[in-house]
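# Coordinate analysis (summary)
So you can see what is in the structure, the chains are spelled out below.
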Amino acid sequence: MTNHSITPSPNNPRVELINQASLQPFTTFGVSSTCDHLYRIDEIEELRLATQYLEDPLILGGGSNILPMGNITRNVLRVELKGIERVEETDEYALVKIAAGEVWHNVVLWAIDQDLAGIENLSLIPGTTGAAPIQNIGAYGIELSSVFHSLEALELGSGQQKDFLTEDCRFGYRDSIFKNDLRGRMVITSVTLKLSKQHNVHTSYGAIQQTLEEWNIKDPGIRDVSKAVIHIRQSKLPDPAQLGNAGSFFKNPVISASAFEDLKKQYPEIPGYPAGNEVKVPAGWLIETVGWKGKRVGNVGSYAKQALVLVNFGEAKGEDVWAFAQEIIGSVEQKFAIRLVPEVNIWS
Ligand code: FAD
Ligand code: EPU
């Protein structure tokens, strides 16, 4: 591949190639790890060439949902395309097309400035817009799927553009077709959202209402909701710039209603939230109940304010985090017969 025209040169500032690149500055866990070749690309035609000619690359956005382990003997392609455009307008909504490399939180702030509603509850989620559909990012009662319109992607190998509408993406809780049938096969280049000009704010989830009441805000707008979400998140989630982490390490398990009833007989205080006909149990509660919350082994721990977030105290390797995660999985399975599944993408 290196002889091809995407080879970086002084005449081609749109591609930067770093050989034996450290992934530490490019991933929020901050574990030491390298990859053979890291390509940073901010232009669509160069990206198309890369998808055609790079052998089986791993795709990197903001690195906030990845645990790299050891030295990765693969090409890594960092998508840095930029741009936000209003592509369609009605009285009710605007369609907004966002390039994959735009930082998600900047998009949220941009939408609020444009008086467009729908993503304010997703404030301060780290990472890029191109990664948002991969696990259908969600927080505070809203998932990306509720405002998603479509996306464009390049197919690895052929370099062909593929368009996906909502129904093609098979969105679920922390899930999409891109984590299943199409895992590692598409590079998302843009995401189009349908944002509303009518503001129906969602304040019922978590501590949003309580925070707004404390601030004496009676008729909240989208900016108030965003500020409340930012405040809540900053009070309980570690800032990756201070303490390496990738947010929730595990997904919240979804179990059958009857399994939940059985658990409730043994543990009357177990929390559970309806998820269709099933029940979502907070993994943070399971981890706290088996005693891992705030515990540290070497350079890895479970965060003291949020058990579901595993943290790197500075010198941890990916393998150390993974070993710690296995201990938690084992303890939770032994006590509750529930097997936690990582939300974080493991690169090895
Ligand atoms: P990366 O970590 O770089 O990649 C994640 C996955 O997407 C990888 O499999 C990668 O190969 C793939 N990918 C990335 N870009 C592309 C692309 N353009 N095309 C194809 N595949 C791609 N998530 C939530 O849902 N809700 C939360 O509330 C939340 N809170 C968080 C809080 C903290 C402190 C942290 C550190 C993380 C949190 N996360 C949360 C997880 C994370 O922010 C999201 O998963 C985010 O979408 C990851 O974006 P990224 O650009 O960093 O992706
Ligand atoms: N809980 C505990 N102990 C803890 C943490 C949580 O008992 O240490 C229990 C409590 O009962 C609490 C409940 O879990 O009421 C829910 O906690 P929280 O509101 O903090 O949310 P979560 O279920 O732990 C999920 C997402 C987060 C998202 C928040 C807010 C997953 C895997 N995680 O966390 O997303 O920000 O809700 O909507 O669904 C991420 O995906 O990286 C992420 C941070």
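Bear in mind the structure is a predicted one, so any value in this text is a computation, not a measurement. (Residues numbered from 1 in each chain as written. Chains lettered and ligands numbered in written order. Predicted model: local features only at pLDDT ≥ 70, side-chain atom pairs only at ≥ 80, totals over all residues. Heavy atoms only, no water.)

## Topic: the overall build of the protein
This is how it is decided: Runs of E in the DSSP output that reach at least two residues are strands. Runs of H or I that reach at least four are helices, and both are numbered from the N terminus. Radius of gyration: C-alpha atoms only; globule rule: 2.2 Å multiplied by the number of residues to the exponent 0.38. Only protein chains enter the area calculation, which uses a 1.4 Å probe; residues under 20% of their type maximum are buried, those over 50% are exposed, and those in between are partly exposed. Only heavy atoms enter the contact rule, under which two residues are in contact if any of them lie within 4.5 Å. Each accessible area value is a Shrake-Rupley result obtained with a 1.4 Å probe; residue values ignore everything except the protein chains displayed when judging cover.
Check the secondary structure of the protein and you find eight helices and 20 strands. Compactness check: the protein gives a C-alpha radius of gyration of 21 Å against a globular reference of 20 Å for 348 residues, within 12% of the reference. Projected onto its principal axes, the C-alpha positions of the protein cover 65 × 55 × 35 Å. Residues classed as buried in the protein amount to 47% of the 348 residues present. Taking all contacts inside the protein whose residues are at least 6 apart in sequence as the whole, residues at least 24 apart take part in 62%. On the protein, roughly 16,200 Å² of surface is accessible, and the fraction owed to carbon and sulfur atoms is 46%.

## A closer look at the site of ligand 1
Going by this rule: We call a residue near a molecule or strand when any one of its heavy atoms sits within 4 Å of it. Polar contact criterion, stated in full: a pair of N or O atoms within 3.5 Å, where within protein one must be able to donate a hydrogen and the other to accept it, and residues adjacent in sequence count only if both atoms are side-chain atoms. Throughout this entry, Asp, Glu, Lys and Arg are counted as charged residues, while Ala, Val, Leu, Ile, Met, Phe, Trp, Tyr, Cys and Pro are counted as nonpolar. The remaining residues, Gly among them, count as polar.
Taken together, 32 residues form the shell around ligand 1, and within it Ile59, Gly62, Ser64, Thr128 and Gly138 come nearest. Contact distances for ligand 1 include 2.7 Å between an oxygen atom and a backbone N or O atom of Asn65. Its free accessible area being 980 Å², ligand 1 has 93% of it covered by the protein chains. Looking at the shell around ligand 1, the elements that each hand over two or more residues are β3 (58-60), β8 (138-139), β12 (186-196) and β13 (244-248). Counted by class, the shell around ligand 1 contains 16 nonpolar, 14 polar and two charged residues.

## Quick word on the pairing of strand β10 (residues 148-155)
Basically, it comes down to this: Being paired, for any two strands, means DSSP has found at least two bridges between them.
Of all eight residues in β10, six are buried; the element is thus mostly enclosed. Pairing between β10 and β12: seven bridges, direction antiparallel. By the bridge assignment, Leu151 is partnered in β12 with Val191. As paired elements, β10 and strand β11 (residues 161-165) share five bridges and run antiparallel to each other. What sits directly across from Leu154, in β11, is Gln161. Linking β10 back to β11 in an antiparallel pair, the connection comprises five residues, with Gly157 at a positive phi of about 100 degrees.

## A word on the nonpolar core
Let me state the cut-off plainly: Take the buried Ala, Val, Leu, Ile, Met, Phe, Trp, Tyr and Cys residues and link them wherever side-chain atoms come within 4.5 Å; each set so joined is a nonpolar core.
Within the largest apolar cluster, 41 residues are counted, with the highest numbers of intra-cluster contacts made by Trp104, Ile119, Leu151, Phe178 and Leu193. Mapped by element, the contributors of at least two residues to this core are β7 (93-99), α2 (104-113), β10, β12, α4 (208-214) and α5 (222-236). Residues in contact with Trp104, not counting those within four places in the same chain, are Ile119, Leu122, Ile125, Gly127, Thr128, Thr129, Ala132, Ile137, Leu144 and Leu193. Ranked by size, the runner-up nonpolar core spans 34 residues in total, among them Phe29, Trp285, Val300 and Leu308.

## A few points about the side chain of Lys251
Note the cut-off: In summary, the charge assignment counts Lys and Arg as positive and Asp and Glu as negative, without counting His or the chain termini. We define a salt bridge as a contact between a side-chain nitrogen of Lys or Arg and a carboxyl oxygen of Asp or Glu at a distance within 4 Å.
Note on placement: Lys251 falls in the loop between β13 and β14 (254-256). This buried residue, Lys251, is left without a salt bridge; Asp175 holds the nearest opposite charge, at 4.7 Å. Once residues within four sequence positions are removed from consideration, Lys251 is found in contact with Tyr173, Arg174, Lys179, Ala283, Leu340, Val341, Pro342 and Glu343.

Limitation: the analysis is restricted to geometry and does not speak to function.
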